[in-house]
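# Analysis of the macromolecular model
Here's the letter readout for the chains.
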Amino acid sequence: MRLIILFLTIGVCSVLNAQIISQDTNVCGSFQGNLYALSADTTSLYTDDDYSEVVDIGFPFVFYGGTYDKFVVNDNGYISFDTTLAFTPSGYVISAPLPSTAGINPYNAIMVTCQDLLLFDPFFPAGGGHGKVYVTSTGIAPNRKCLITWCEAAMFSCTSDYFTAQIVLHEGSNKIEMFIKDKTICPWNNGAGVQGLIDVTSTNFDIVIDPPTGSPRNYPLQWTATNEGWEFVASGPSSYTINQIAYAPITAGINSWYDDLGNLL
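In this text, all values refer to a predicted model and were calculated from it rather than measured experimentally. (Residues numbered from 1 in each chain as written. Predicted model: local features only at pLDDT ≥ 70, side-chain atom pairs only at ≥ 80, totals over all residues. Heavy atoms only, no water.)

Here the focus is the sheet that holds strand β7 (residues 78–80). The sheet built from six strands is open, its strands ordered β5-β6-β7-β8-β14-β15 with antiparallel pairing. In this open sheet, the two edge strands, each paired with only one partner strand, are β5 (55–63) and β15 (205–207). Averaged over neighbouring strand pairs, the angle between their axes works out to 25° when direction is ignored. (Pairing = 2+ DSSP bridges. Helix = DSSP H or I, 4+ residues; strand = E, 2+ residues; numbered from the N terminus. Axes fitted to C-alpha atoms, helices over the stretch in contact; angles between N-to-C directions.)

Quick look at the pairing of strand β16 (residues 225–236) now. Where strand β13 (residues 176–183) meets β16, seven bridges bridge the pair, whose relative direction is antiparallel. Looking at β16, one finds that Asp-182 is bridged to Thr-226. Sheet topology note: the β16/strand β17 (residues 239–245) ladder contains seven bridges and is antiparallel. Within β17, the residue paired with Trp-230 across the bridge is Gln-244. Two successive antiparallel strands, β16 and β17, enclose a turn made up of two residues.

Looking now at unusual backbone geometry. With omega at 0°, the peptide bond leading from Leu-98 into Pro-99 counts as cis. If you trace the backbone, Pro-99 turns up in the loop between β7 and β8 (109–114). For the bond from Ala-141 to Pro-142, the omega torsion is 10°, close enough to zero to count as cis. When you line up the elements, Pro-142 lands in the loop between β10 (132–138) and β11 (145–155). Within the chain, Phe-87 stands out as a residue other than glycine whose phi angle is a positive 65°. Position of Phe-87 relative to the elements: it lies in the loop between β7 and β8. The exposure class assigned to Phe-87 is exposed, which follows from its relative accessible area of 60%. (Buried < 20%, exposed > 50% of the residue type's maximum accessible area, 1.4 Å probe, protein only.)

If you look at the biggest cluster of nonpolar residues, it comprises 39 residues, and the most contacted ones within it are Ile-148 and Leu-169. Within the residue set of this core, elements represented by two or more residues are β5, β6 (66–74), β8, β10, β11, β12 (158–170), β13 and β16. Leave out the neighbours within four places in its chain, and Ile-148 touches Phe-71, Val-73, Ile-79, Val-133, Tyr-134, Val-135, Ala-165, Gln-166, Ile-167 and Leu-169. Core analysis: the second largest hydrophobic core is formed by 15 residues, Val-72, Tyr-78, Ala-192 and Ile-207 among them. (Core = buried A, V, L, I, M, F, W, Y, C linked by side-chain atoms within 4.5 Å. Contact = heavy atoms within 4.5 Å.)

This brings us to the side chain of Asp-75. As for its position among the elements, Asp-75 is in the loop between β6 and β7. Here Asp-49 takes part through its backbone nitrogen, which lies 2.7 Å from a polar atom of the side chain of Asp-75. Engagement of the side chain of Asp-75 in a polar contact is seen with the backbone nitrogen of Asp-50, the distance being 3.1 Å. (Polar contact = N/O pair within 3.5 Å; in protein donor to acceptor, adjacent residues only side chain to side chain.)

Don't take any of this as a statement about function, it's just geometry.
Here it is in C-alpha cells:
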C-alpha cells in the first residue's frame, strides 16, 4: 500500500494544507514508510496590545545565559520569555530608545520589529485589524526550530499597510534568525519600530544597525525593510553578534511531511 502526498509550498505568508491524493496513485514516484506532519497553530491573540497564552518552544533554548522552554507572544512584533505576562495587556507607545520605562517596555524579549500592530479580531471585524500570529515547530532533534510568524498584520492607524515577519529559534546552536518581508513607516507613533534583543534585566541589549543609515533601528529612527534576513549568534552570556543573511520566504500554517530519518519529503 502506498500513501502518495501532494505537498505545495509558495514563497509568501500563506496557509496551505498537505493532501492525500489516494492510496494507490503515483505522482512523480512513490514513497513507502511512516510519515510525520508538522504544521502551525494560531495564537490566542485576537485583541490589541496583549500577550498570548504560554507557548512551548519544544526544546531548551538559551537566551542571554538563561535557559527557557516557553515564551509568550506579543501582537506588537515580539516574544518574551517572561511567561507571567500571559494574557496581560502591554504598552504600545514608543517614546524613547529601548530599553525604556515608557510605553512599550519589552524585556527578556526578541523583537523582530517592536511596533504598534493591530491584528484581526473575529469578534470585532469592523475594528480594522488584519492578519494573525502563527507558531510552528519543525525538524528533528537535535536540530529542531521554533518559528513565530506575524502574517500580514496591520499597522495601527495604517491598517492597509501589512507587516509580515518571522522569528526562528534554533535548537542546539541557540541561534536566532529574523526575516522581514515588508516593514513600512506608519506616521502613527512617529513611525517608531525597534529590531533587536533585550535581556531579563533590561541592561544588556543588541539592536540591529540599519544598513542605509548606519544608525541603530531604535527610537527615533524611522526605517523600512523589504526581504531582509538577520541572525543573532551569542558571543557570551551578555551580548550577541548580529549578521545580515539571505532572506528566506516566509510561510505559515503549512504542513511539512518528514520520513523516519527526518528528511523533508
